[in-house]
Amino acid sequence: MNPIHQLYIRRCIQLAKNGLGTTYPNPMVGAVIVHNQKIIGEGWHHKAGQPHAEVNAIRSVKDHSILPEATIYVSLEPCSHHGKTPPCSDLIIEKGIKNVVIGTIDPFSKVAGRGIKKLKNAGCHVTVGVLEEACHELNKRFFTFHTKKRPYIILKWAETQDGYIAPMNSSERKPVWITDKNSRQLVHKWRTEEQAILIGSKTVIKDNPKLTARDWYGTNPLRIIIASTDKELSNSAVLDQTTETIIISNKKFQKKNQANLIYCTTQTDQLIQGICDFLYEKDIQSLIIEGGSYTLQQFIDTDIWDEARVFKGNAFFREGVKAPKLSTSPVTITNIKNDFLHIHKND
């Protein structure tokens, strides 16, 4: 594979990552324009409804007269349809850019090769499949949503050295921390990167979490709670109306809570798939699940998960609530101050 192509697509990926958590429902995309082995323009997609990466890259070029002699590198296939913005493939053709290098094809049904076909029909020389695996990883949420018809699902928990996620008893309605503040801040950063967060009602009762990103700047995720009755959620922080909350239950609640609550009913034996179907219909591309152990294990046992982020703290509980069990080995283990972060992938 051409190492020069790899170099510039790698830069496209680097640029695209600036949009993590802000481009939904659009993918993250980066674009680089090169003339005589020199970068003359760069851009990335900031937010849905705003200009795409290719547009921003072209706008950043000072002298548009040299664009016909340039090459544009894009991490994802340029769009070919009219959405909130015009097709990027049309702009590339209009500017006379004849060489286009693309990381990977867009799985979205309204694109899916049509952008490439349009460029080729206009006489462009198109190269596709440069650092394709890395480009897929960049938009793993977007690809999972469009190919598997469900959100990209991240499991997250912290466990002690002896394999517990909570002590047997807690005298107060608040979390018993296993990790230190550095790991907790990282979790808040993750919350700004995903569209939704889910826990079961037992975790609400025991820990009374807010499920917001208080320790990191960004957008709070949509909160999703699995509950049997609204009494379980009485006086809970998740009902504070700071951000939208959805209750998922196999029963219709008699009592109405705050106006921002939506009740989704699903059968218990189809709970996990029902949640996925519901979130797909709401255009939710990513979901981080933070507990409890039973809820996490349900997703593991049904094999509906993509990534697990497991913190190992220094504490020992001796007894308590056992951590979920994974059959995979971690692909990476990273030291975060006093904790170790194990990343698992469900390949």
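Not measured: the values here are computed from a predicted model.

**A short note on the nonpolar core**
Working step 1: Counting 29 residues, the largest nonpolar core has Leu155 and Ile224 as the members making the most contacts within it.
Working step 2: The leading source of residues in this core is helix H9 (residues 271-281), at six residues.
Working step 3: Leave out the neighbours within four places in its chain, and Leu155 touches Ile289, Leu296, Phe299, Ile300, Trp305, Glu307, Ala308 and Arg309.
Working step 4: In this structure, Val55, Ile72, Leu76 and Cys79 belong to the second largest nonpolar core, which totals 27 residues.

**A closer look at the pattern of salt bridges**
Side chains that differ in charge, positive against negative, can pair when their charged atoms come close.
Working step 1: Inspection of the entire model under this criterion finds 14 salt bridges.
Working step 2: A salt bridge links Glu42 to Arg11, with the shortest nitrogen-to-oxygen separation between them at 2.8 Å. Here the residue Glu42 occupies a position in strand E2 (residues 38-44), and Arg11 occupies one in helix H1 (residues 3-16), the gap between them amounting to 31 residues.
Working step 3: In this structure, Glu290 engages Arg191 in a salt bridge whose closest nitrogen and oxygen atoms are separated by 2.8 Å. With Glu290 in strand E12 (residues 286-291) and Arg191 in helix H7 (residues 181-193), the pair connects residues that are 99 residues apart, well separated along the chain.
Working step 4: Judged by relative accessible area, Glu290 falls into the buried class, the value being 14%.

**Examining unusual backbone geometry**
Working step 1: Residue Pro25 is bonded to the preceding Tyr24 through a cis peptide linkage, with omega at 5°.
Working step 2: Assignment of secondary structure puts Pro25 in the loop between H1 and strand E1 (30-35).
Working step 3: Cis rather than trans, the peptide bond between Gly291 and Gly292 has omega equal to 0°.
Working step 4: You can see Gly292 is positioned in the loop between E12 and helix H10 (293-301).
Working step 5: Positive phi outside glycine occurs at Asp283, with the angle close to 60°.
Working step 6: Tracing the backbone shows Asp283 in the loop between H9 and E12.
Working step 7: On the accessibility criterion, Asp283 (44% relative accessible area) is partly exposed.
Working step 8: The phi angle at Lys337 is positive, at roughly 55°, despite the residue not being glycine.

**Observations concerning the packing of aromatic side chains**
Describing an aromatic ring pair means giving the distance of the ring centres and the angle of the ring planes.
Working step 1: Under the definition given, this model contains four aromatic pairs.
Working step 2: The interplanar angle of 45° and the centroid separation of 5.0 Å between the aromatic rings of Tyr8 and Tyr73 together place this pair among those described as tilted. You can see Tyr8 sitting in helix H1 and its partner Tyr73 sitting in strand E3 (residues 71-76), a full 65 residues away along the chain.
Working step 3: Assessed through its relative accessible area of 4%, Tyr73 is described here as buried.
Working step 4: Residues Phe142 and Phe143 carry aromatic rings whose centres are separated by 6.4 Å and whose planes lie at 80° to one another, so their mutual orientation is edge-to-face.
Working step 5: Given a relative accessible area of 8%, Phe143 falls into the buried group.
Working step 6: Note that Arg184 overlies the ring of Trp177, its terminal NZ or CZ placed 4.4 Å from the centroid.
Working step 7: Its end group placed over the ring of Tyr164, Lys322 keeps NZ or CZ at 4.6 Å from the ring centre.

**Regarding the confidence of the model for the chain**
Working step 1: Of all residues in the chain, 90% have pLDDT values of 70 or greater, and the mean over the chain is 89.
Working step 2: Ranking the elements of the chain by mean pLDDT puts strand E11 (residues 261-265) last, at 61, and E1 first, at 98.

**Structural notes on helix H6 (residues 140-148)**
Working step 1: Counting buried positions over the nine residues of H6 gives seven, a clear majority of the element.
Working step 2: One or two steps after H6, the chain reaches Lys149, where phi turns positive at roughly 60°.

The rules behind the values
- Residues numbered from 1 in each chain as written.
- Predicted model: local features only at pLDDT ≥ 70, side-chain atom pairs only at ≥ 80, totals over all residues.
- Heavy atoms only, no water.
- Core = buried A, V, L, I, M, F, W, Y, C linked by side-chain atoms within 4.5 Å.
- Buried < 20%, exposed > 50% of the residue type's maximum accessible area, 1.4 Å probe, protein only.
- Helix = DSSP H or I, 4+ residues; strand = E, 2+ residues; numbered from the N terminus.
- Contact = heavy atoms within 4.5 Å.
- Salt bridge = Lys/Arg side-chain N within 4 Å of Asp/Glu carboxyl O.
- Phe/Tyr/Trp six-rings, centres within 6.5 Å; stacked < 30°, edge-to-face > 60°.
- Lys NZ or Arg CZ within 6 Å of the ring centre and 35° of its normal.
- pLDDT = per-residue confidence, 0-100.

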